[in-house]
Amino acid sequence: MSVPDYQQCAEDHQTVLVVVQPLGVVPEDQFFRIYRRVASVSQVSVRGDGQRTLYIRYRHHYPPENNEWGDFQTHRKAVGLVAVACCGSAREWAHTSERFHGLKERFAATLYDSRLLVFGLSGEIAEQQRTDVAFYPTFDDCADVEKRVEDFVESIFIVLESKRLDRATDKAGDKIPLLCVPFEKKDFVGLDTDSRHYKKRCQGRTRKHVGDLCLQAGMLQDALVHYHMAVELLRSVNDFLWLGAALEGLCSASVIFHYPGGTAGKSNTRKPSISTATDSGKRHRPGQCGALNSSGISADTSTEIGRTKNCLSPDDIMEKYKEAISYYGKYKNAGVIELETCVKAVRVLAIQKRAMEASEFLQNAVYINLGQLSEEEKIQRYSVLSELYELIGFHRKSAFFKRVAAMQCVAPTIPEPGWTACYRLLLETLPGYSLSLDPKDFSKGTHRGWAAVQMRLLHELVYASRRMGNPGLSVRHLSFLLQTMLDFLSDQEKKEVTQSLENYTSKCPGGMSIITLPDGLQLPPVPFTKLPIVRSVSLLNLPASLRPHKVKGLTGQGVTSASPFIYSPISMHRGDDRSTKIDFQWVQGDVCEVQLMVYNPMPFELRVENMGLLTSGVEFESLPAALSLPAESGLYPVTLVGVPRTAGNITVNGYQTSVFGVSSDCLLDSLVGVKSSGCMVEVVPSLPRLQLSTSLPRYASSYAPLSSGVCLQLFNGETQQLTITLENIGSEDLHTLEVSSKTLTTKEKLFGEFLSWDMHDALSRLPLKAGQALALTVNISAKLDFSGQESLLQDLNDDGISVTGLPISSPLRQVLKPRPENKQVNKQANTDSNKSDYNHVKTLEAVLSFRYSGGPGRVDGYYRELSLGVRVDVEPSVFFTRISTLPATSTRQCHLLLDVFNPTEHELTLSAKNQELVLHSSECQRMAIQVDRFDFESLSVPSHDAVRQGSAYEQEEERQQLQGGLISRTLDLRWTIISSLCTTSLCPRRQGEASVEGVLTQLVLEHLQLAPLQWDVLVNGHACDCDVVADCRVGDAVALEVKLTNRSKGSVGPFSLTVVPFQDYQNGVQNYELQDAVTFIGSNTFYIDSVSPAGKSVCVGALLFLYTGDFYLSIKFQGDSAGQQDLPAACFSLPSIHVRAQDPIEAAA
């Protein structure tokens, strides 16, 4: 026997073999349709003295040489034949009948019964009643096929039962024939048939044969008895081949008893059934083996019943299998029997879950030599070994043999290699090597399996698919190899694999479609998530100038009012947003960016083409990019862009690439170790977009929200205009525009407005259409306090400072010591070293914001804010190192003394009230300006909340700032750089204001303020002050009027004023004895009642001068301290009046 049946199992020993074959020309599909119906009758219950079941094994192909071993093991004997034929006429029926007889002749030696199923014949022939032939008009009209097969099986059982009884009832004196296997017949020629040894051999083989018949007939316990007796007889004569068969039969019967469900996984087709002997007259317990009344050798078997053992235990079964296999191994021609026994033992051990012992049987089966096998038989053998190893859980060993079978399909000796079968078998080996064709299985943790073997297998799949003529499969497998085995490839292997992939994709580009094989297996797409490797994904906010802002007070789309709390830690839509929603927005129609940090793991430059974004939620236009990453680069930022075309929530699901000709859709969920701050963002409706240009040069701003700004250099007090052009470069019209500014510099004290503008002309241009522009002029004024630098000045004293601006008659001229030359601040030797110290530059920074909106975004309450930084480097122009006051000739005026320093490198002029002072570089001079005293009480203090809620110090500082501003505006001090007097556009004039606000002290402010009580003295209707001389004639009455104005906050008075005349001889002597020279018309004392706030009181009198001369009138104050309201004493000091009495003739002259 040369053809092994790898599907055999232990329970097949109790089956009878029926061969089903087509006769003549029968359509293959129709034949197997009938074959399946015939094979469905796999067991039939037959009735005798007791209920028994006959099991049938069907084969549609059975080699006749295997049938010759039917005496050795009866289940190998083809005892039934079913032929299927097609006939259309009587003539064809005659040929069919002849072929049927010829087919029966092939199995005549073993055949018990046969049947012929004829399809397509009708008429008289079809109406014949024959037991061995069944006629059917069509393949569809054959409802009783199963019933006829059951009748056929029952006829086989009758023959089987009769043969069993014949063997069992042979007389003791009859000569027992010697059963032989085909290769033994020549060895037994010439043997002594009368020897005891020969007779025992015959008896043992016959016992074994009867045991086979009993097992097939459903008499399990009888079969066990015969097998035990056969083992004893055959062992005594060293008949090893048949002894092995008896042991195998004993094992099979025991397996059937212990495992009634079967060992080949056919429990659905085999019903557990154990029958006892029918001729014993009683039932035996299922757990024990019974005995026969007839042994086939002696009619009295009572002594044999006592010697029979119970059926084998599971452990004994394996021992007997090993023993049987060892006996088979002694015979070269029994290789097929030995191999099949190993297979049966493995199946039993698989049921017992004894994998290691099963592997020993399989290892023995591998080395069994069956002679010269065909390539098909080798493939079948390796495939069965693979299945058996899989059965016992040796998955990698199973995959190994299946791979060997696959390689056998394309062996060089095969004229037409079966690459399709090779590919199919290679696919079946994947699970055994812990390999899956789904790349998702390789992103779940550590790598499983031997990478070297897996790479070899994947290479074989690539080659097989190419030889099959399917380049798409080659690309898919090669892509899978590169994606999943990248960490295990050497640099040279990476280059070779990528070169091969590029060659394949040049003919068949790779994509993300699912490839379905002919057998229904689907190969999922393989995205290149490692080419390049992505480490982080960040959705970028729009530039600061393009970010949308929500108008305060309007509820956004994502805000819900369902919760009564201001803040709730429980998200109302947790399932929708999944904590991945980002807290900024994109704008419809604007280019949006997503940044990926990527890494190139390849040892060569990696070119990535068509890299774009994968999104969902809104319509999105991805703008693909192409990049080239250097070999084994570090983290490299890649920015992917796109334009959302509709509003709503957009989710970035991943990105797409094209690498080596393979297009990949890489989802973020499948990326391992990727950091992401979120992937969902809201897209607001479209808004207009402004582009800003300026008349001054730009610079890169260091302030975070700004990208650029304007930078200029001004001298302190200088003002310059900045023209800003706003162009609408978007697609929406601009409807609203608001401008605001914010000063960033807080450590510098700023006087006045830094930035100012007029919006009237700009607003008149709205709405601004797309492509249109408008201009806005901004005034930039820099007024800082440089007064704190007087400590840098040296040798500034009254002796070295020239005083200008004082009248020649001023008493101040008598105090100061003028010099013909101005003294420089520093020596020439120290000028260079100290110039940088006092020439400090201060910086002012501010942000000019343009808030604008329009289009659908304006309807939803969104706007944009465009900001421009303004940076001004302020150099000191002139500053005042010291300021003081001197009384003037009028009580309503005073002299303001200013020490002016020029820290610049230029010569400049300082002008104020028709005065002009020229200052050289680093020169300090004093300027005296006569000013009217100020009524600070009339200034209105701002009533905004910041001032009202501030401290008393802040309120006082605000008040002083207002007072200083009033003084600066009144003085109107302006400087002009002499070297820039040209006023052309190429050389603009450098000039500005000189402010004294930073140097004004509280004492100076008090001296500059009008007194709370203002006294006005009029002589003959003319106001008289310190330097004013009133002329009168001797003998004429002189009218004297004293007027009081109460500017304090409370009432003053009552009090009295006494006028005392005197003469001053300018030598320190004053004469008050003037009763003969001056006389009063009326009283020289005036009485003033209480004067309310802002009230006035006037006292009128007259006096007469009797002699010529210069007289002075001193007005003495007398009053109650309670009426003075805690006012300074100076408020109650009236100036002396100078009156010059002249002769009437001189006065007339």
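So, how was this worked out
- Residues numbered from 1 in each chain as written.
- Predicted model: local features only at pLDDT ≥ 70, side-chain atom pairs only at ≥ 80, totals over all residues.
- Heavy atoms only, no water.
- Core = buried A, V, L, I, M, F, W, Y, C linked by side-chain atoms within 4.5 Å.
- Buried < 20%, exposed > 50% of the residue type's maximum accessible area, 1.4 Å probe, protein only.
- Helix = DSSP H or I, 4+ residues; strand = E, 2+ residues; numbered from the N terminus.
- Contact = heavy atoms within 4.5 Å.
- Expected span 1.5 Å × (residues − 1).
- Axes fitted to C-alpha atoms, helices over the stretch in contact; angles between N-to-C directions.
- Parallel < 35°, antiparallel > 145°, perpendicular 65-115°, else oblique.
- Left-handed = near helix turned anticlockwise from the far one by under 90°.
- Pairing = 2+ DSSP bridges.
- Phe/Tyr/Trp six-rings, centres within 6.5 Å; stacked < 30°, edge-to-face > 60°.
- Lys NZ or Arg CZ within 6 Å of the ring centre and 35° of its normal.

*Asks:* Help me get a handle on the nonpolar core, residues and values and all.
*Replies:* Judged by nonpolar contacts, the single largest core of 81 residues is most densely connected at Leu482, Leu531, Trp586 and Leu596. Here this core gets 7 residues from one element, more than from any other, and that element is helix 15 (residues 451-467). Residue contacts for Leu596: discarding those within four places in its chain leaves Val534, Ser536, Val537, Met611, Tyr636, Pro637, Val638, Leu640 and Tyr655. Counting 45 residues, the second largest nonpolar core, distinct from the first, contains Leu215, Leu349, Val384 and Phe401.

*Asks:* How would you sum up helix 7 (residues 240-258)? Please name residues and give values.
*Replies:* Counted at 1.5 Å a residue, the expected span for helix 7 with its 19 residues is 27 Å, and the 26 Å between its end C-alpha atoms agrees. Counted residue by residue, helix 7 has 17 buried out of 19 residues, so it is predominantly covered.

*Asks:* Pulling in residues and values, what's your account of the packing of helix 5 (residues 196-216) against helix 7?
*Replies:* In the contact formed by helix 5 and helix 7, the axes pass within 10 Å of each other and the chain directions differ by 25°. It follows from the interaxial angle that helix 5 and helix 7 lie roughly parallel. Seen from above, helix 5 lies across helix 7 with left-handed handedness. Together, Arg205, Lys208 and Leu215 of helix 5 and Trp242, Ala245, Ala246, Ala253 and Ile256 of helix 7 make up the contact between the two elements.

*Asks:* Tell me what's going on with the sheet that holds strand 16 (residues 636-644), and back it up with residues and numbers.
*Replies:* Backbone hydrogen bonds are what pair the strands of a sheet, in a parallel or an antiparallel way. Taken together, 5 strands build an open sheet; the order of strands is 14-16-12-9-19 and the sheet is mixed. Looking at the sheet topology across the chains shown, the edges are occupied by strand 14 (620-623) and strand 19 (675-676). Sheet topology places strand 9 (residues 533-539) next to strand 12 (residues 592-599); 6 bridges connect them, and they run antiparallel. Across the sheet, the residue bridging to Ile533 is Tyr599, located in strand 12.

*Asks:* Would you mind going over the environment of Gln492 in detail, with residue names and values included?
*Replies:* When you line up the elements, Gln492 lands in helix 17 (residues 491-507). Under the relative-accessibility criterion, Gln492 is labelled partly exposed at 46%. Residues Gln492 and Pro603, spaced 111 residues apart in sequence, show a C-alpha to C-alpha distance of 8.7 Å.

*Asks:* Residues and numbers for the packing of aromatic side chains, please.
*Replies:* This model, assessed by the stated rule, comprises 23 aromatic pairs. Between Trp69 and Phe72, the ring centres sit 5.6 Å apart and the planes meet at 90°, which makes this aromatic pair edge-to-face. Taking relative accessible area as the criterion, Phe72 reaches 0% and is therefore assigned buried. Aromatic ring contacts, followed pair by pair, group Trp69, Phe72, Phe183, Trp242, Tyr328 and Tyr331 into a single cluster. In this arrangement the basic side chain of Lys330 is found over the ring face of Phe240, its NZ or CZ atom lying 5.3 Å from the centre.

*Asks:* Requested: an account of the environment of Glu753, with residues and values cited.
*Replies:* Looking at the element boundaries, Glu753 is found in the loop between strand 25 (736-743) and strand 26 (755-757). You can call Glu753 exposed: its relative accessible area is 58%. Spatially, the C-alpha atoms of Glu753 and Ile780 are 8.3 Å apart, while their sequence positions differ by 27 residues.

It is worth stressing that arrangement in space is one thing and function is another; only the former is reported here.
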